[in-house]
Amino acid sequence: MMEVLLVRSFTDALQTADSMNARGYGSGQRSSYQRYRFKQRDLLCLGWFIPLSGLCFYAASQGIGRMVVYPALGSLGLSLTGWLVLLGVAVLFSFPLILEAWEWLWWNLLKS
């Protein structure tokens, strides 16, 4: 198992080295370096993401929304708070999709 892990890591390192060499790393000025700055939009997303994550973790620690599955048919049986937590988790996990949809809409509105 250790041999497979070492061979894989050496292969990845060699591929990274070849890629860096092809891009001209270390040969002077970089050609496509882009500095990303923390913008107000990032702060807004973080300000939305952290409280929602905290709420979901708190609800999970209190046992809200926990489903125990037995091999028997029955109803879903979530309370109102359970449904709200389920909605919060769904929104939390779909956050990358929401951002991607926003960027796609923004891009298409700019093109037209």
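Computed from a prediction, not measured in an experiment: that's the story for all the values here. (Residues numbered from 1 in each chain as written. Predicted model: local features only at pLDDT ≥ 70, side-chain atom pairs only at ≥ 80, totals over all residues. Heavy atoms only, no water.)

Asker: Describe the overall build of the protein, and please don't skip the residues or the numbers.
Answerer: When helices and strands are counted, the protein shows four helices and zero strands. Moving toward the C terminus, one meets the helices and strands of the protein in the order α-α-α-α. Looking at the protein as a whole, 10% of its 112 residues are labelled buried. (Helix = DSSP H or I, 4+ residues; strand = E, 2+ residues; numbered from the N terminus. Buried < 20%, exposed > 50% of the residue type's maximum accessible area, 1.4 Å probe, protein only.)

Asker: An account of the packing of aromatic side chains is needed here, citing residue identities and associated values.
Answerer: Under the criterion given, the structure shown has three aromatic pairs. Seen in terms of ring centroids, phenylalanine 49 and phenylalanine 95 are 5.3 Å apart; in terms of plane orientation they differ by 40 degrees. Their pairing is tilted. Within this pair, whereas phenylalanine 49 is found in helix 2 (residues 40–61), its partner phenylalanine 95 is found in helix 4 (residues 95–111), the two being separated by 46 residues in sequence. Between the aromatic rings of tryptophan 102 and tryptophan 106, the centroid separation amounts to 6.4 Å while the plane-to-plane angle is 15 degrees, which identifies the pairing as stacked. (Phe/Tyr/Trp six-rings, centres within 6.5 Å; stacked < 30°, edge-to-face > 60°.)

Asker: Go over the pattern of salt bridges with me, naming the residues and quoting the values.
Answerer: Going through the model one piece at a time under the given rule, you end up with two salt bridges. Of the charged contacts in the structure, one is a salt bridge between aspartate 12 and arginine 8, with a shortest N-O distance of 3.5 Å. Taken together, the residues aspartate 12 and arginine 8, both in helix 1 (residues 2–22) and four residues apart, mark about one turn of the helix. A relative accessible area of 56% places arginine 8 in the exposed class. Ionic pairing is found between glutamate 103 and arginine 41, a salt bridge with its closest N-O pair at 2.9 Å. Residue glutamate 103 is found in helix 4, and its partner arginine 41 is found in helix 2; the two are separated by 62 residues along the sequence. Owing to a relative accessible area of 34%, glutamate 103 belongs among the partly exposed residues under this scheme. (Salt bridge = Lys/Arg side-chain N within 4 Å of Asp/Glu carboxyl O.)

Asker: Go over the packing of helix 2 against helix 3 (residues 80–93), please, and point to the residues and values.
Answerer: Viewed as axis vectors pointing N to C, helix 2 and helix 3 meet at an angle of 140 degrees, and their least axial separation amounts to 10 Å. On the basis of their axis angle, the class for helix 2 and helix 3 is oblique. You can see that helix 2 and helix 3 cross each other, and the crossing is left-handed. Of the residues in helix 3, those touching helix 2 at Trp48, Phe49, Leu52, Ser53, Cys56 and Ala59 are Val85, Gly88, Val89, Val91 and Leu92. (Axes fitted to C-alpha atoms, helices over the stretch in contact; angles between N-to-C directions. Parallel < 35°, antiparallel > 145°, perpendicular 65-115°, else oblique. Left-handed = near helix turned anticlockwise from the far one by under 90°. Contact = heavy atoms within 4.5 Å.)

Asker: Quick one: what's the story with a nonpolar patch on the surface, residue by residue and with numbers?
Answerer: The grouping of Phe38, Leu43, Leu46, Trp48, Phe49, Ile50 and Ile98 at the surface amounts to a nonpolar patch, some 680 Å² of accessible area in total. Looking at the nonpolar patch element by element, the count peaks at five residues for helix 2. Mapped onto the elements, leucine 46 comes out in helix 2. Leucine 46 gets classed as partly exposed once you look at its relative accessible area, which sits at 38%. (Patch = residues over 30% accessible without salt bridge, like charges linked within 9 Å, V, L, I, M, F, W, Y side chains within 5 Å. Areas by Shrake-Rupley, 256 points an atom, 1.4 Å probe, with all protein chains shown as cover.)

Asker: If you had to explain the packing of helix 3 against helix 4 to someone new, which residues and values would you point to?
Answerer: For the pair helix 3 and helix 4, interaxial distance at closest approach is 4 Å and the crossing angle is 55 degrees. One element, helix 3, and the other, helix 4, form an angle in the oblique class. Taken together, the residues of helix 4 that come into contact with helix 3 (itself represented by Val91, Leu92 and Phe93) are Phe95, Pro96 and Ile98. Residues belonging to the contact of helix 3 with helix 4 are distributed by class as follows: six nonpolar, no polar and no charged. (Nonpolar A, V, L, I, M, F, W, Y, C, P; charged D, E, K, R; others polar.)

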